[in-house]
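Chain and residue survey
Here is how the chains run, residue by residue.
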Amino acid sequence: MNIYIFEIIGTAMLILIGNGIVANLVLKGTKGGDSGWVGISLAWGIAVFIGVFISADISGAHLNPAVSIGLATAGKFSWNLVPGYIVAQIIGAMIGNLLVWLTYKKQYEATEDENAILATFSTAPAIRSPFWNLVTEIIGAFALVFGVFYIAGGTVGDNAVSLGSLDALPVALLVMGIGFGLGGPTGYAINPARDLGPRLMHTLLPIKHKGKSDWSYAWVPVVGPIIGGILAALLYMLIETI
């Protein structure tokens, strides 16, 4: 059970810090309203660093269904563990955003902009175009998972690819780079749990002025990263066999 517990903890920390900066930026009555996109990208990188560092030595620090599925596709992670990891990641994401809500409870009460409130939970595209939004999420997740294969130093042999605590910084820098370079069109979910878990919490929590949870878009940040992770695994396997 320890592997699942640490996936929950790592993902919760990821969302607490990551969506915490979004809340600090967009909610009314905070002291961080001038952080901007630079602050968001930096904070998400730091969030990844914390989550990976905490969970790496126990669970391998997937924190993301796209990573778990990508590793399993490459034969470097047991498919039997994938469902449990995904459930743990979604639960962790829900807990993380619950903590964000508790931290900014008074700011949520003061905020009337339903889009700003939703932004502290889940992603939304700058220009809504489902196909191209999907393409963006595929590319972003591909970059993440493909990078993870090489950061973890695995090969398509007998040894499992698993992130260690020393890999936390390069993965964090990778996510920062994705945020700066690819994040603008969709808000770079690149992680189905990061979007789905918080979106569920947005639906469940009694937040004044919260509006709808935009479930019509929710499939994009779930399907896109999974496709991206699988494509990254297939390319990794192809390269390693040449």
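The chain appears in an unreviewed UniProt entry as MIP/aquaporin family protein from Maribacter confluentis. Under the UniProt heading Subcellular location (unreviewed entry), the entry covering the chain gives this text: "Membrane".

1. Here's the deal with the UniProt feature "transmembrane region" (unreviewed entry) in the chain
Sites flagged by UniProt as "transmembrane region" (unreviewed entry) map to residues 6-27, 39-62, 82-104, 131-151, 171-191 and 217-239. Across residues 6-27, helical content stands at 95% and strand content at 0%; the span's end C-alpha atoms are separated by 30 Å. Secondary structure across residues 171-191 divides into 57% helix and 0% strand, with the first and last C-alpha atoms of the span separated by 14 Å.

2. Quick word on the layout of surface pockets
In this model, the largest pocket occupies a volume close to 500 Å³. Residue lining of the largest pocket: 33 residues in total, with Trp44, Gly187, Tyr188, Ala189 and Arg194 positioned closest to the centre. At the level of elements, α1 (2-26), α2 (36-59), α7 (130-151) and α8 (168-182) are the ones that each hand at least two residues to the lining of the largest pocket. Considering every element that reaches the lining of the largest pocket, the biggest residue donor is α2, with 5 residues. Split by residue class, the lining of the largest pocket holds 24 nonpolar, 8 polar and 1 charged. Estimated volume of the second largest pocket: approximately 170 Å³.

3. Thoughts on the nonpolar core
Most often, soluble globular proteins have nonpolar side chains that are buried together. Leu14, Trp44, Val48, Val52, Leu144, Tyr188 and Ile190 are the most contacted members of the largest nonpolar core, which totals 24 residues. Of all the secondary structure elements, the ones that give two or more residues to this core are α1, α2, α7 and α8.

How each quantity is defined
Residues numbered from 1 in each chain as written. Predicted model: local features only at pLDDT ≥ 70, side-chain atom pairs only at ≥ 80, totals over all residues. Heavy atoms only, no water. UniProt positions renumbered as here; feature names shortened; annotations may be inferred. Helix = DSSP H or I, 4+ residues; strand = E, 2+ residues; numbered from the N terminus. 1 Å grid on protein atoms, 1.4 Å probe; cavity = no way out; pocket = protein on both sides within 12 Å on 5 of 7 lines; lining within 4 Å. Points joined across faces, edges and corners; volume = space filled by probe spheres on them. Nonpolar A, V, L, I, M, F, W, Y, C, P; charged D, E, K, R; others polar. Core = buried A, V, L, I, M, F, W, Y, C linked by side-chain atoms within 4.5 Å. Buried < 20%, exposed > 50% of the residue type's maximum accessible area, 1.4 Å probe, protein only.

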